[in-house]
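Observations on the three-dimensional arrangement
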Amino acid sequence: MDSALGRPARGEPSLFERTSDPDALARDRLVRMDEADWREYRRNLPHLRMRAATYFVTWRLHRSQSDLTSPERDLVEKSIQHYSGVQYELIAYVVMNDHVHCVVQPYASVHLEKLIHTWKSFSAHQIALGRGAPCGVWQRGYFDRVVRNDDELRQKMTYVLD
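All of the points below concern the structure found in this document. (Residues numbered from 1 in each chain as written. Predicted model: local features only at pLDDT ≥ 70, side-chain atom pairs only at ≥ 80, totals over all residues. Heavy atoms only, no water.)

If you trace the backbone, Ser123 turns up in helix α4 (residues 112-131). Polar side-chain contacts of Ser123 include one of 3.3 Å to the backbone oxygen of Lys120. Setting aside residues no more than four positions away along its own chain, Ser123 makes contact with Leu75, Val76, Ser79 and Trp138. (Helix = DSSP H or I, 4+ residues; strand = E, 2+ residues; numbered from the N terminus. Polar contact = N/O pair within 3.5 Å; in protein donor to acceptor, adjacent residues only side chain to side chain. Contact = heavy atoms within 4.5 Å.)

Structure (structure tokens):
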């Protein structure tokens, strides 16, 4: 496993090759939409929240920032992994030079917006300290999407892991 990228190293089998039934894996991560279990709110973008949902999330560096270095990408990775298995199930992620993608399923008591705030805030403070410049590291806001079905989960996981 290439831990810096959260995906198999070159030559290792992919998640789908290591899983005997990827459709069952996808079904285990999805929920049916029930109107009593969802809410919507707006910041810069509209956000749909569903209880026990799986989300595809993306956020980017502020345009004034230079690309992340390898140690900075490792720092972002550690912040994403820190509460995995405690507050959320981290299904897939990748930290690129200028943005991050995650497929994540927060546990029932955890709000996705607070989780993302924690990831971005901790990593931004650490990166800013290392760069010696206390300016905004990440762009305000983020993009998130509720993963709605098996095919979409497979597509998002493939996108992130490949």
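The four strands lie next to each other as β4-β5-β3-β6, forming an open sheet whose pairing is antiparallel. In the strand order of this sheet, the two ends are held by β4 (88-95) and β6 (143-146), each with one partner. Along the sheet, successive strands turn relative to each other by an average axial angle of 15°, direction set aside. Pairing geometry for strand β3 (residues 55-60) and strand β5 (residues 99-106), over six bridges, is antiparallel. Across the sheet, residue Trp59 finds its bridge partner in β5, namely Val100. (Pairing = 2+ DSSP bridges. Axes fitted to C-alpha atoms, helices over the stretch in contact; angles between N-to-C directions.)

Geometric values such as these leave the question of function open.
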